Protein chains: 2
Amino acid sequence: MRTMNPVPTTSNPPPRHAVVIAIGTELTLGQTVDTNSARLAQWLAGLGIRAAWHVTVPDELAPIRAALAEAARRADVILVTGGLGPTDDDLTRQALADEAGAPLESDPESVAHIRAFFAALKRPMPERNLVQALIPRGGRAISNPVGTAPGLYVELHGTPCYVLPGVPAEMERMFQQEVAPRLRAAVGGRVLLQRRLHCFGLGESVIGERIADLMQRGRNPEVGTTAELGIIGVRINATADAAPQAAALLDEAERTIRARLGDVVFGRDKQTLSSVVGQLLTARGATLSTAESCTGGLLGKLLTDVPGSSTYYLGGLITYANAVKSGLAGVPAADIERHGAVSEPVAVALAAGCHQRLGSDFALSITGIAGPAGGSTEKPVGLVYVGLATPTDVSARALQLGAWSSRRMIRARAAYAALDWLRLHLARVGR
Amino acid sequence: MRTMNPVPTTSNPPPRHAVVIAIGTELTLGQTVDTNSARLAQWLAGLGIRAAWHVTVPDELAPIRAALAEAARRADVILVTGGLGPTDDDLTRQALADEAGAPLESDPESVAHIRAFFAALKRPMPERNLVQALIPRGGRAISNPVGTAPGLYVELHGTPCYVLPGVPAEMERMFQQEVAPRLRAAVGGRVLLQRRLHCFGLGESVIGERIADLMQRGRNPEVGTTAELGIIGVRINATADAAPQAAALLDEAERTIRARLGDVVFGRDKQTLSSVVGQLLTARGATLSTAESCTGGLLGKLLTDVPGSSTYYLGGLITYANAVKSGLAGVPAADIERHGAVSEPVAVALAAGCHQRLGSDFALSITGIAGPAGGSTEKPVGLVYVGLATPTDVSARALQLGAWSSRRMIRARAAYAALDWLRLHLARVGR
């Protein structure tokens, strides 16, 4: 494969403004959610490049060309994902060649890479994979260490344009290994740093009121809020000539926001409720187990999303059927009969039983009505009880997560509420 | 709130081409993944309207106006989400007013709705929520049954433009209740119907080769493939003057594709591996339980994503720590010591122990190395054993899910592989 120069050869100005283009009819028709553009935008921001315009177009030549042409006018650098696959609906190469006015040519080193990839898997190479080695004349291949499709680098009307496969794992590896170093070299000094604080327990508008002065337009850092499944994000973006100054601006804003919001702020950036709970448990050398009914394993899944969670998370019980609540967690059948499976006594018994049977220091339990069916007037959809067993105590709380909420939302908020309860308990009783 | 007319009053042609605009700096910076545009595009396609262009712009007046102006040129109908919140970074209302050349005015009925919303929650109304009642003169409010922000309907240079909040649950309810009926009335006859087949067990390029003739460009129906976490989607889009003809085209294409791919096709449209397994279990009145190590509850979570899964899913064991594997599932400590926790004998013992202790007809187990740490030369990251206990037999299989794969990918593929094994077992032994 021809090696790319360390920095694009033309004397373009340092890139500041990117356009991100996602290509795929499955995306424009909404059959797949595009996550690539968001991830690229985040990585670009880390390099001080702002992706202020994202466009998604179908696997059709004319819209792809239109998007490329418009991006070349609007941006200093273009990032494209998708449409590099081996099948007939993959048209990105052709559209690039058309827009660049350069014919497609087979790149011998890319051909060798594709053949070697299939040989290593001991699988025959479908002939059609060879179209993935086609590159517009004057462009260069970007090597793909984890798949068959090489990426492409071309200049479109003078604007550098990097094209990566749509498969997220391949896109990530190729961006980080091949594209980011080149962009970093091209950018030089001025940087945009971003930070995100994560909050649980207050609504977006209340949080917005408490930090309204910081959210006024035109300020640096720029502060804004987002909401998803009950978790409110406060994003802070700071621009400065160098990273230390930008970081100082972020630190100052973070201190102010934390002072206003208190322990509603549970973490920042890549921290999640699960990872923060994990840090608090690790700090005191304590262990956790879970007993889940309506969340069906989601709480355990969230906890074990965190690499290394095996040091504090022992495991859990998914007590979906009532017989399993009694058999595995020792919930008295009489409690279920008298109060119902969705009740405070059952949440308490689940937490206590799990605590005892798994021998953990703490245990969380969840039982509720996730819907859409199963609600009643006294116990509507969205009613959830969360239980917490500590080394000295067991208790439960009722949550009303909204009869109009989706099953997905109710399950997520129930799991988050359980994690947040444990977080606040661990933080407040100290180490 | 002023009521919208059932159909926009101007004599626009039936809408065929939509532009979908997502507004939010958290989206352009990639801090949040935009799922709204994909969902809107799917719903629009169901109405025969093709959203062939999606744009995402930050919370800034100039790019929002530029996107609106361009969309008005490009589309018959514009759908916008986001930027209707109560905080200072929400500028969609102002940008619409500027682009429409109409001043913002407070809508008394929207004010009443917002006040009533907070009164029902017994929470004081932050004054700043009143900005959500501002509407460009000549526009109309779209009522929001589940939140404070009304949507907006305006015409931009003659093009109908619907603006909905960015909160997915609010956006969905308002689109389905308020916008879809108006678009359906405006569209009239010609429809685009779509279907998606889901495959597991073959790679995208092999599937692409088997159906290459159907994927040629310009055909109706249009056929394409996508890949995500090992699940390959085959989408079929058919256009016709009326729904029955479009459906017949879909049926014919589906028959052909199924004949070529066999039982690699596990479902279509909203079906998932979990829902298909659930249907197969329900058909024979059988029950299932799970024992999970490296997936930590993900398999249970996937199974209970399906409403009504309590009729066949009894529950499970999350046996993350080795002591829990022995204590809860009865895995002999000697097996763990001799073969390691990630081994065929342990996968077999987990499935057998879970089967017996939960009293289910079938049980699935998973034990593996999800990474990023914990791998070795003999047992690299990505090595996973899946076990299946049936009423008559227990066995396990090794999977090698790739040392370069992410923790998320390894966990998802392990859970899918377990579900797919049970699916094929249930389908092959018949009912």
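Note that this is a predicted model, so its numbers are computed, not measured.

Quick word on the relation of the copies chain A and chain B
Rotating chain A by 180 degrees about the axis while translating it 0.0 Å along that axis superimposes it on chain B, leaving an RMSD of 0.1 Å. Here the copies are linked by what is in effect a two-fold axis. A share of 99% of interface residues in chain A that are also interface residues in chain B marks the association as one of identical surfaces.

What about the side chain of Glu70(A)?
Examined against the element boundaries, Glu70(A) turns out to sit in helix α3 (residues 61-74). Discounting chain neighbours no more than four positions away, the residues touching Glu70(A) are Trp53(A), Trp53(B), Glu70(B) and Arg74(B).

What about the packing of helix α9 (residues 273-283) of chain B against helix α14 (residues 407-429) of chain B?
Residue and element names in this part refer to chain B. In the contact formed by α9 and α14, the axes pass within 9 Å of each other and the chain directions differ by 30 degrees. As judged from the angle between their axes, α9 and α14 are roughly parallel. Our pair here, α9 against α14, has a crossing hand that is left-handed. Two secondary-structure elements touch here, α9 through Leu 273, Ser 274, Val 276, Val 277, Leu 280 and Leu 281 and α14 through Tyr 416, Leu 419, Asp 420, Leu 422, Arg 423, Leu 426 and Ala 427. Tallied by class, residues from the contact of α9 with α14 come to 10 nonpolar, one polar and two charged.

Some thoughts on the interface of chain A and chain B
Counting from both sides, the interface comprises 92 residues of chain A and, opposite them, 93 residues of chain B. Across the chain A to chain B interface the summed buried area is about 7,300 Å²; carbon plus sulfur atoms make up 58%. The interface formed by chain A and chain B contains 12 salt bridges. Glu26(B) is the partner of Arg235(A) in a salt bridge, and the nearest nitrogen-oxygen pair spans 3.9 Å. In this structure, the connection of chain A to chain B is made through 42 residue pairs in polar contact (both at pLDDT 80 or more). Here the side of chain A that touches chain B gets eight residues from one element, more than from any other, and that element is strand β2 (residues 50-57) of chain A. Its residues placed into classes, the side of chain A that touches chain B shows 38 nonpolar, 30 polar and 24 charged. Across five bridges, the pairing between strand β14 (residues 313-319) of chain A and strand β14 (residues 313-319) of chain B is antiparallel. Looking at the pairing, Gly316(A) lines up with Ile318(B) of β14(B).

What about unusual backbone geometry?
Note on backbone geometry: most residues besides glycine have negative phi, and most peptide bonds are trans. Residues and elements named next belong to chain A. Note the cis peptide between Gly 371 and Pro 372, where omega equals 5 degrees. In this fold, Pro 372 is placed in the loop between β15 (362-368) and β16 (383-389). Of note, His 157 is a non-glycine position whose phi angle comes to about 50 degrees, a positive value. As for its position among the elements, His 157 is in the loop between β7 (151-156) and β8 (159-164). With phi around 50 degrees, Asp 269 is a residue other than glycine that occupies positive phi space. Following the sequence through the fold, Asp 269 ends up in the loop between β12 (265-268) and α9 (273-283). The class for Asp 269 is partly exposed, based on a relative accessible area of 35%.

Description of the sheet that holds strand β12 (residues 265-268) of chain B
All names here are of chain B. On the basis of which strands lie adjacent, the open sheet formed by four strands has the order β10-β11-β9-β12 and antiparallel pairing. Looking at the sheet topology across the chains shown, the edges are occupied by β10 (222-228) and β12. Taking each pair of neighbouring strands and ignoring which way they run, the sheet shows an average axis angle of 25 degrees.

Rules used throughout
- Residues numbered from 1 in each chain as written.
- Chains lettered and ligands numbered in written order.
- Predicted model: local features only at pLDDT ≥ 70, side-chain atom pairs only at ≥ 80, totals over all residues.
- Heavy atoms only, no water.
- Least-squares fit on C-alpha atoms with pLDDT ≥ 70 in both.
- Contact = heavy atoms within 4.5 Å.
- Helix = DSSP H or I, 4+ residues; strand = E, 2+ residues; numbered from the N terminus.
- Axes fitted to C-alpha atoms, helices over the stretch in contact; angles between N-to-C directions.
- Parallel < 35°, antiparallel > 145°, perpendicular 65-115°, else oblique.
- Left-handed = near helix turned anticlockwise from the far one by under 90°.
- Nonpolar A, V, L, I, M, F, W, Y, C, P; charged D, E, K, R; others polar.
- Buried area = accessible area lost by both parts, 1.4 Å probe.
- Salt bridge = Lys/Arg side-chain N within 4 Å of Asp/Glu carboxyl O.
- Polar contact = N/O pair within 3.5 Å; in protein donor to acceptor, adjacent residues only side chain to side chain.
- Pairing = 2+ DSSP bridges.
- Buried < 20%, exposed > 50% of the residue type's maximum accessible area, 1.4 Å probe, protein only.

Keep in mind that these numbers describe shape and distance, not what the molecule does.
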